[in-house]
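What follows is the residue order along each chain.
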Amino acid sequence: MPRTPRAISGTGIYLVMMRGINHQDIFRDDEDYRHFLYSMQRAQMRICQINHQITTNCTYYAYCLMTNHVHLLIKEDKLLIGNIVKKLADSYVYYYNHKYQRDGHLFKERFRSEPVDDMSYFTMLLRYIHRNPVEAQLIKNVIDYPYSSWREYCGMIRSDMMICNTKAVLRRIAFPDLEEMINAPLPDGLHCIDI
């Protein structure tokens with residue numbers, strides 16, 4: 001049976017979710033989380049073969065790395081979303097399989113995505129992604145989770161280590177307003193992507 005075509009975003013922005021196969025953990029230690037972030041950076045960079053200038057394949061606006069799944073808020077640039085996620089997943093799976101002396105798939109089927117076509121949905125997804133560890137009762141406060149982009153928004157990450165384009169978001173939403181939204185509980189029954 002053929003797969004359903006992926007819904008296309010008019011803005012090029014998508015919520016992406018990648019889950020470990022059989023719900024298995026895809027991160028076992030701090031090094032794994034760090035390497036996934038490194039893989040995100042590698043998937044983002046593009047070096048022009050002619051003049052060797054670095055451009056970008058995509059823009060990240062938010063991420064949250066949970067034990068067995070990942071949420072990304074991402075915008076296509078030079079590559080389509082499928083190619084970006086493939087590049088990211090291939091890099092991480094190569095590292096993970098080598099480190100843990102395994103082979104085969106790490107992620108469940110193809111990644112899931114939803115198009116983000118308006119600012120209100122984009123803003124709600126910023127909340128949803130950053131609050132994921134709180135809603136899963138891993139931590140009490142969003143700021144306490146080390147594997148999400150919220151610390152980038154709070155200025156706790158050196159600028160040369162940042163992955164997300166926080167400036168683009170903060171030009172549209174003042175930080176105090178964003179912080180208030182992120183720290184407010186999500187509405188009951190909120191459903192973004194079937195995980």
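I will try to describe carefully the structure that is included in this document.

1. Considering a positive patch on the surface
Part 1: Together, R42, R46, K78 and K87 make up a positively charged patch on the protein surface.
Part 2: For K87, the position within the fold is in helix α2 (residues 81–99).
Part 3: For K87, a relative accessible area of 38% translates into the label partly exposed.

2. A closer look at unusual backbone geometry
Part 1: Phi is positive for N22, which is not a glycine, with a value near 55 degrees.
Part 2: Within the secondary structure layout, N22 lies in the loop between β1 (13–19) and α1 (30–44).
Part 3: With phi around 50 degrees, Q101 is a residue other than glycine that occupies positive phi space.
Part 4: Following the sequence through the fold, Q101 ends up in the loop between α2 and β6 (112–116).
Part 5: According to the relative accessible area criterion, Q101 is exposed, its value standing at 75%.

3. Let's talk about the packing of helix α3 (residues 119–135) against helix α6 (residues 175–183)
Part 1: Remark: α3 packs on α6, axes separated minimally by 9 Å, with the N-to-C direction vectors making an angle of 55 degrees. One element, α3, and the other, α6, form an angle in the oblique class. The handedness of the crossing between α3 and α6 is right-handed. In contact with T123, L126, R127, H130 and R131 of α3, α6 contributes L178, M181, I182 and N183.
Part 2: Residue composition of the contact of α3 with α6, grouped by class: four nonpolar, three polar and two charged.

4. Details of the side chain of S113
Part 1: With respect to the helices and strands, S113 occurs in strand β6.
Part 2: By relative accessible area, S113 is classed as buried at 17%.
Part 3: Reaching out from S113, the side chain makes a polar contact with the side chain of R6 at a distance of 2.9 Å.

Conventions and cut-offs
- Residues numbered from 1 in each chain as written.
- Predicted model: local features only at pLDDT ≥ 70, side-chain atom pairs only at ≥ 80, totals over all residues.
- Heavy atoms only, no water.
- Patch = residues over 30% accessible without salt bridge, like charges linked within 9 Å, V, L, I, M, F, W, Y side chains within 5 Å.
- Areas by Shrake-Rupley, 256 points an atom, 1.4 Å probe, with all protein chains shown as cover.
- Salt bridge = Lys/Arg side-chain N within 4 Å of Asp/Glu carboxyl O.
- Lys, Arg positive; Asp, Glu negative; His and termini not counted.
- Charge placed at Lys NZ, Arg CZ, Asp CG, Glu CD.
- Helix = DSSP H or I, 4+ residues; strand = E, 2+ residues; numbered from the N terminus.
- Buried < 20%, exposed > 50% of the residue type's maximum accessible area, 1.4 Å probe, protein only.
- Axes fitted to C-alpha atoms, helices over the stretch in contact; angles between N-to-C directions.
- Parallel < 35°, antiparallel > 145°, perpendicular 65-115°, else oblique.
- Left-handed = near helix turned anticlockwise from the far one by under 90°.
- Contact = heavy atoms within 4.5 Å.
- Nonpolar A, V, L, I, M, F, W, Y, C, P; charged D, E, K, R; others polar.
- Polar contact = N/O pair within 3.5 Å; in protein donor to acceptor, adjacent residues only side chain to side chain.

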